[in-house]
Amino acid sequence: MFSSSRIVFVNKRFLLQSRNVLKHFKCAASYKSQSQENKDDCNSFFGSVNNYQRYFVSSAITLSALGAYYLYNSELKKVFALEKNICGSRRNDLRTYTAEEVGKHDSKKTGIWISYKEGVYDITDFVDKHPGGPKKIMMAAGSSIEPFWNIFANHHQNDIYQLLESMRIGNLSQKDVNLGENKADDPYANEPNRHKALIINGHKPFCAEPPSSLLVESFETPTELFYVRNHLPVPEIDINDYSLELSMEDVTKKTLNLEELKKYPKYSVTSAIMCGGNRRSEMASEKLLKGLSWSVGAVGNATWSGARLCDVLKDLKVDEEKYNHVQFEGLDYDPSGSPYGSSIPIGKALDPRSDVILAYEMNGEAIPLDHGFPVRVIVPGVVGARNVKWLGKIIISKDESPAQWQQGDYKGFSPSTTWETVDFSKAPAIQEMPVTSAICVPESGEKVSVKNGKISVKGYAWSGGGKKIIRVDITADKGETWHTADLIAEDPKAKPGRYYSWSLWSLELPVDIKNKEIEIWAKAVDSSYNVQPESFKNIWNLRGFLCNAYHRVKVQI
């Protein structure tokens, strides 16, 4: 800890030597990447760069953690000129690193680096002093800090930018700033960059979810942290060649490029999308099944904008009495040349109140590649598998999509059905999802502090088909006593029957402090008074879909 008199001395020294301050700063910030000649030049200013770093950087970090960072001094702000529009800008005096090099520095053993815009930063010494604790900032280790700052918006302040810039060691390579270099041969070689905070369930195809604690930090899930469920390699799409084909029984009636699609009235809908296998890992603990081991994070909530499907189909003069389904085909193909495909009932497609969107924007920006660029169909309240990405074709048909994901997967079965007895043709494809909820904070196995006999519990709840969440019940004594959580975030614009976004909830839960371990249960109730089943035993199915039993988390007191 530094005394106030010493801090005053530091300030005076900097002000008296203003011509040298910036050079001191640059030397300290980039010392490890300097040539020996430059290191000698740096050392000539202050004898030892290690002394200087301890003298300047450590004092700045310590004071920042106390909320009294001394660079509030306006004179120093002028000297360093590190305002919002400069933090993260490219600096010609620093070395350039690739995202791969940054990614190797994700622990105290290797050093903890992060990137912000075009900057690379060594935050190793700062992590334990982070006012929000080390856990959240470590999620960005070896990767970009930007999506986290989109959640924790209080970081967008000049003193925070200044503190971050004081830890600057280099620049991020331009190819990584521009999202990647071109590779060849491997069908997965040109996959988009993903954030390191995502927990990977599968590499090829890529499937990943965010840590549960991040889900409840923002009503709209940042695109970089939105779960990814790909079934095939991400397609390479030239927007100049892109067109969306509309047909009836495979007879092409119309094609639209992106600009033509944008001429239709633009609508927005805030909707959660949930994978049919969300929470599958819990069902698998009941009995072995087949499928990716998703935790509670295979869900995200976003605002999707684009043309309504019903407006586009109106131009085709579709006779609803002649057809039963609307099929969707993506531009992602399997080795046989067959595209990913799915379908929904034609009544839902033609009903303006169903809010089916041909989305080209996600959270106000162009839809990212991993989430369906340039166009993704959004079918609110319906299982994620029907929300086809990289949309290339819409087919008005008497039949469901013939694709494997409609006919031979994403269906539910009796707990007694086995792989020897299963008949996929006899089960309907999953459309609307059942009511569910999840505890996101605390996480299973976590040690929690008790304050005034209570612990903080947070999570999400959602129901398919546009049903509103009306209640979330929580218990810490195996159902002897239930407590109703507060619904802290919902879509204020949603209309009855069209509640498509999730609800975030929180509760200060009373607990018995005599117990060293407790199990927290959560169950949600929707506007049709559907409620989650108590256990997975009687809803188990061989593919692990529709996993909506009570969510249970054991924590240490």
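In case you missed it, the structure is sitting above this.
Caption draft 1: Just the overall build of the protein chain, in detail. In terms of helices and strands, the protein chain carries 16 helices and 26 strands. Expressed as a percentage of its 557 residues, the buried residues of the protein chain come to 53%. Sequence separation of 24 or more characterises 71% of the internal contacts of the protein chain that already satisfy a separation of 6 or more. Taken as a whole, the protein chain presents about 25200 Å² of accessible surface, with 48% of it coming from carbon and sulfur.

Caption draft 2: Looking closely at the pairing of strand β18 (residues 391-397). Of all 7 residues in β18, 7 are buried, a share of seventy percent or more. The pairing of strand β9 (residues 244-248) with β18 spans 4 bridges and is parallel. Across the sheet, residue M248 finds its bridge partner in β18, namely I396. Inspection of the sheet shows strand β13 (residues 325-333) paired to β18 by 6 bridges, in the antiparallel sense. Of the residues in β18, the one forming a bridge with Q327 is I395.

Caption draft 3: Looking closely at the pairing of strand β6 (residues 199-202). Here 3 bridges tie β6 to strand β7 (residues 207-209), and the two strands are oriented antiparallel to one another. Across the sheet, I200 pairs through a bridge with A208, a residue of β7. Where β6 hands over to β7, the hairpin turn is made up of 4 residues, counted between the paired strands.

Caption draft 4: The arrangement of a nonpolar patch on the surface in detail. Judged by side-chain polarity, V450, I513 and I557 come together as a nonpolar surface patch covering roughly 230 Å² of accessible area. Among the secondary structure elements, I557 is positioned in the segment after β26 (551-556). In this structure I557 comes out as partly exposed when scored by relative accessible area, which is 32%.

Caption draft 5: Looking closely at the nonpolar core. Membership of the largest hydrophobic core comes to 55 residues, with the highest contact counts inside it found for L313, L358, I394 and Y460. Setting aside residues no more than four positions away along its own chain, L358 makes contact with L244, L261, S305, G306, A307, L309, V312, V375, R376, V377, L391 and I394. Grouped together as the second largest cluster of nonpolar side chains are 22 residues, I112, Y121, I137 and F148 included.

Caption draft 6: A look at the packing of aromatic side chains. Within this structure, the stated rule accounts for 14 aromatic pairs. Consider the rings of Y116 and W149, whose centres lie 5.1 Å apart with planes at 45 degrees: the pair is tilted. With a gap of 33 residues between them, Y116 in strand β3 (residues 111-116) and W149 in helix α8 (residues 146-151) connect regions that are remote in the sequence. Each member of the pair Y116 and W149 is classed as buried. Ring centres 6.1 Å apart and planes at 65 degrees place the aromatic pair W149 and Y161 in the edge-to-face group. Note that W149 is positioned in helix α8 and Y161 in helix α9 (residues 158-165), a separation of 12 residues in sequence. Y161 carries the same exposure label as W149, and that label is buried. Its guanidinium or amino end placed over the ring of F206, R194 lies 3.9 Å from that ring's centre, counting from NZ or CZ.

Caption draft 7: Quick look at the pattern of salt bridges. Evaluation of the coordinates by the stated rule reveals 25 salt bridges. With a shortest N-O distance of 3.7 Å, E443 and K135 are connected by a salt bridge. In this pair, E443 is assigned in the loop between β19 (436-441) and β20 (454-462) and K135 in helix α7 (residues 134-138), connecting sequence segments 308 residues apart. Judged by its relative accessible area of 25%, E443 falls in the partly exposed class. Residues D315 and K254 are paired through a salt bridge, measuring 3.2 Å at the closest nitrogen-oxygen approach.

Caption draft 8: Expanded view of the side chain of D355. One can find D355 in the loop between α15 (346-350) and β15 (357-362). Looking at D355, its side chain comes within polar contact range of the side chain of R498, at 2.9 Å.

Caption draft 9: Quick look at the sheet that holds β6. Strand order in this open sheet of 3 strands is β6-β7-β8, and the pairing throughout is antiparallel. Strand pairing shows two members of the sheet lacking a second neighbour, β6 and β8 (228-229), which therefore form its edges. Relative to β8, β7 runs antiparallel, the two being bridged by 2 bridges. Counterpart to C207 in the pairing with β8 is R229.

Caption draft 10: Quick look at unusual backbone geometry. Each neighbour pair has its own omega, and for K204 with P205 the value is 0 degrees, a cis peptide bond. Of note, P205 is situated in the loop between β6 and β7. Each neighbour pair has its own omega, and for F373 with P374 the value is 5 degrees, a cis peptide bond. Within the element layout of this structure, P374 appears in the loop between β16 (365-366) and β17 (376-378). Despite not being glycine, N363 shows a phi value in the positive range, around 55 degrees. For N363, the position within the fold is in the loop between β15 and β16. Classification of N363 by relative accessible area gives partly exposed; the value is 22%.

Caption draft 11: Highlighting the environment of I470. Following the sequence through the fold, I470 ends up in strand β21 (residues 469-475). Owing to a relative accessible area of 32%, I470 belongs among the partly exposed residues under this scheme. Through-space distance from the C-alpha of I470 to that of Y529 is 8.4 Å; in sequence the pair is 59 residues apart. Among all residues touching I470, those that are not within four sequence positions of it are L487, V525, D526, S527 and Y529.

Here is what the cut-offs are and how they apply
Residues numbered from 1 in each chain as written. Predicted model: local features only at pLDDT ≥ 70, side-chain atom pairs only at ≥ 80, totals over all residues. Heavy atoms only, no water. Helix = DSSP H or I, 4+ residues; strand = E, 2+ residues; numbered from the N terminus. Buried < 20%, exposed > 50% of the residue type's maximum accessible area, 1.4 Å probe, protein only. Contact = heavy atoms within 4.5 Å. Areas by Shrake-Rupley, 256 points an atom, 1.4 Å probe, with all protein chains shown as cover. Pairing = 2+ DSSP bridges. Patch = residues over 30% accessible without salt bridge, like charges linked within 9 Å, V, L, I, M, F, W, Y side chains within 5 Å. Salt bridge = Lys/Arg side-chain N within 4 Å of Asp/Glu carboxyl O. Core = buried A, V, L, I, M, F, W, Y, C linked by side-chain atoms within 4.5 Å. Phe/Tyr/Trp six-rings, centres within 6.5 Å; stacked < 30°, edge-to-face > 60°. Lys NZ or Arg CZ within 6 Å of the ring centre and 35° of its normal. Polar contact = N/O pair within 3.5 Å; in protein donor to acceptor, adjacent residues only side chain to side chain.

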